[in-house]
Amino acid sequence: MNKADARLDYAADKMIGELLKEEKVELDEKFRAVLKGELVERIRQHVEDKRRQEEERVRKEEKSRREYFLRFGLNFRLQHLTLAVGVLILIITGLPIKFHDTLVAKIFFEMTGGIAVSRVIHRVGATLLIIVSVWHVLFITATRTGRNDFKQLLPTPKDLKDFVQNIKYLLGLSKQKPRYGRFSYVEKFDYWAVYWGMVIMILSGLLLWFNNFFLGIVPKFMFDIATEVHSDEAMLATLAIVVWHWYNVHFNPEVFPFNPTIFTGNISKEKMIKDHPLEYEQMITKTEAQRKKDVPR
Amino acid sequence: MTALLTILLAFLQIGSSPQNTRCFLCHGKKDFGVMEDGKFQSLYVSPKQFSASIHGKFTCVQCHTDVKVIPHFIRPQKVSCLQCHFEGNTVGAPVKWMPEKYKDSIHAKALAEGNPNAPDCETCHTTHYVKSPSDSTSQTNRRNIPDLCGRCHIKQFESYSKSIHYKALENGMLGAAVCTDCHQEHDVLPPSDPRSALSAEGVVRTCAKCHADTLLMARADVPVQQPEAYSESFHGIALENGMVKAANCTSCHGHHDILPASDPNSPINPKNLPKTCGKCHPHADKNVAKGKVHIIPSERSAGIVFYVYTFFKWFTLAVLVFLFAHIALDLSGFIRRKHARHE
């Protein structure tokens, strides 16, 4: 008899003993032993059942957590990576020009060897940005996934409804979280902000970079506008990235310290159901349909 | 007999320092001089002008210390200004940093190298008629500086005399820039010297000394925002951070012969701008004249750039208010849900 069984045996014995004492009845030894044996068996079975249920639950949860979907393909991820590296280089080498009177800028120029060096680095970042912009245009026109993603990124009236619903949800006025598709309005905002920023920054930047070429083509005040626009949009973009984008993908307590999906490409089923229920449902119906079609009739 | 008389005279002078009147007995005569190497060298000193000078109250022998008896038969040594003008002197001669500064200058360097034309103190300040620069008859007075420097620097004077600065000076605008305002007074250095006020980095500060002076520019009716606008421009930022080839004030405005844009000979006249900008930007054509120069985006005078600036200012503000509000809502929602779960 092992220790657990002995404890169970003792507990059953005690239970019967107490009950008999309370009711002031006597039982013969044999019946009492049978009763005890049955009681021990029932308790053991119940405990066993509970344990199995719990194990099953944990296993299922683990499975769903380990069940991943591919959210972003390699092409998509590399575009983001190139863009991120390019933008960081541009911000680091660009802001000291805008804030050239500050101590940080002075230290930066001292460290890099002055504007003659830092502007070369800035143009490396600019080249990455230009490459990614051409690449992305090709992606959303020439590839099927790209075309599909771009369609899903286009703003729709549902985004406005989602926005209103999300505000209600955040304020506690509604229990229902908006049901997002592949891209939520937050992600769409990010995308179009970058789109607008890229067009402005690349056009004004090219004008300033190749000023000697453009001097014979456009009037001088265009350079003044380009300078101002480049500086102001840079500020706006930097703030949008640091405040908005980094909040959503880094500092938001739901994803802190960071949301790895854009680098790994994978999203857990759990998160998928939570954050992109519509896309999940579509995916399931599509897979079901596919499976039905595949079944030989 | 003459020798005896001289000794007698010398004897009489022992113990008393000779008065200037004694010196002027000879040196006060206009035709007094000596023949040296076949040339007549005047030794005349005007008693009137000397007594009007800042040193007029001193006796001749206080500087010419090696003259003990008059008449003197030996040639007195050259007087050095540093005999009195040194730090800690007891006769009360003002010593500022001037002699020290002069030592660093290209003039002092040339003199030390043996250039006979290099100026010493007395070249500018005169030998016997030194006057304070604040005295309008002094040749170191602002009004007379161009003539003084122009005595040697003829070409530069000729060029400068065409400039708006000289015209203003001639019209009695004494605040107008003269040679010493840009080249410094005593520590004149070539622009290639980094200590020079006219080095590539220094030239902007040098022009800004006057052109950022609101009162002075108001008097001269010249806009005052140029230096500020320049330092905020890419040329200004690049120059400030180590790109010496970036355009500074003189790259476009010239230097000695600075003229306003309205003058057809000015390098910044709209007609001449393609050529001026073309010095650095090979494709510059008449496009470079289309637009304002030295603009401050936050000021209405910047024209279209002001509207771009204003748009972005409000746009950025609006976007950020929205973003922060959204984030605050998101966080509050998160906290509320967490509380609800715990209860």
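Residues numbered from 1 in each chain as written. Chains lettered and ligands numbered in written order. Predicted model: local features only at pLDDT ≥ 70, side-chain atom pairs only at ≥ 80, totals over all residues.

Remarks on the overall build of chain B
- For chain B, the count of helices and strands is 18 helices and two strands.
- Based on the C-alpha atoms only, the size of chain B along its principal axes is roughly 130 × 60 × 35 Å.
- Taken over 343 residues, chain B has a buried fraction of 20%.
- When contacts within chain B are restricted to residue pairs at least 6 apart in sequence, long-range pairs at least 24 apart make up 42% of them. (Helix = DSSP H or I, 4+ residues; strand = E, 2+ residues; numbered from the N terminus. Buried ≥ 20, exposed ≤ 12 C-beta atoms within 10 Å, placed from the backbone. Contact = placed C-beta atoms within 7 Å.)

Thoughts on unusual backbone geometry
- Geometrically, the link from A:Phe256 to A:Pro257 is a cis peptide bond, its omega value of 0 degrees lying close to zero.
- In this fold, A:Pro257 is placed in the loop between α10 (220-251) and α11 (261-264).
- A positive phi angle, near 55 degrees, is found at A:Lys24, a position not held by glycine.
- The residue A:Lys24 is located in the loop between α1 (3-23) and α2 (29-66) in this model.
- Taking the number of C-beta atoms within 10 Å as the measure of exposure, A:Lys24 has 6 and is therefore exposed.
- In this structure, B:Asp37 takes a positive phi of about 50 degrees despite not being glycine.
- Along the chain, the position of B:Asp37 falls in the loop between β1 (33-36) and β2 (39-42).

Notes on the pairing of β1(B)
Residues and elements named next belong to chain B.
- Of the pairings in the sheet, the one linking β1 to β2 comprises four bridges and is antiparallel in character. Residue pairing across strands places Glu36 opposite Lys39, the latter belonging to β2.
- Connecting the antiparallel pair β1 and β2 is a turn made up of two residues, with Asp37 showing a positive phi of about 50 degrees. (Pairing = 2+ DSSP bridges.)

What to know about the domain arrangement of chain A
- For chain A, the assigned domains read domain 1 (3-65) and domain 2 (70-293).
- Its C-alpha centre places domain 1 of chain A at a distance of 61 Å from the equivalent point of domain 2 of chain A. (Domains from an automatic or database assignment.)

Notes on helix α5 (residues 115-142) of chain A
- An ideal rise of 1.5 Å per residue puts 40 Å on 28 residues; α5(A) measures up with 39 Å between its terminal C-alpha atoms.
- Taken together, the buried positions of α5(A) are A:Ile115, A:Ser118, A:Arg119, A:His122, A:Gly125, A:Ala126, A:Leu128, A:Leu129, A:Val132 and A:His136.
- Among the structural elements, α3 (74-98), α4 (103-112) and α8 (185-209) of chain A together with α15 (234-240) of chain B are those in contact with the buried residues of α5(A). (Expected span 1.5 Å × (residues − 1).)

Focus on the interface of chain A and chain B
- Between chain A and chain B, the residue contacts involve 35 residues of the former and 35 residues of the latter.
- Looking at the side of chain A that touches chain B, the elements with two or more residues in it are α5, α7 (157-171), α9 (211-214) and α10 of chain A.
- When residues of the side of chain A that touches chain B are assigned to their parent elements, the largest contribution, 15 residues, is made by α10(A).
- Looking at side-chain class alone, the side of chain A that touches chain B contains 22 nonpolar, eight polar and five charged residues. (Nonpolar A, V, L, I, M, F, W, Y, C, P; charged D, E, K, R; others polar.)

Let's talk about the packing of α5(A) against α8(A)
Residue and element names in this part refer to chain A.
- Contact geometry for α5 and α8: axes closest at 11 Å, N-to-C directions at 130 degrees. Comparing the axis directions of α5 and α8 gives the class oblique. When you trace α5 past α8, the crossing you get is left-handed. Contacts between α5 and α8 involve Arg123, Ala126, Leu129, Ile130 and Ser133 on the former and, on the latter, Met198, Ile202, Gly205 and Trp209.
- Class assignment of the residues belonging to the contact of α5 with α8 gives a composition of six nonpolar, two polar and one charged. (Axes fitted to C-alpha atoms, helices over the stretch in contact; angles between N-to-C directions. Parallel < 35°, antiparallel > 145°, perpendicular 65-115°, else oblique. Left-handed = near helix turned anticlockwise from the far one by under 90°.)

Remarks on the environment of B:Tyr230
- Locating B:Tyr230 in the fold gives a position in helix α14 (residues 226-232).
- If sequence neighbours within four positions are ignored, B:Tyr230 has contacts with B:Val204, B:His235, B:Gly236 and B:His294.

A word on the confidence of the model for chain B
- Mean pLDDT over chain B: 90, with 95% of residues reaching 70 or higher.
- For chain B, helix α1 (residues 2-13) of chain B is the element with the lowest average pLDDT, namely 58, and helix α9 (residues 154-160) of chain B is the one with the highest, namely 96. (pLDDT = per-residue confidence, 0-100.)

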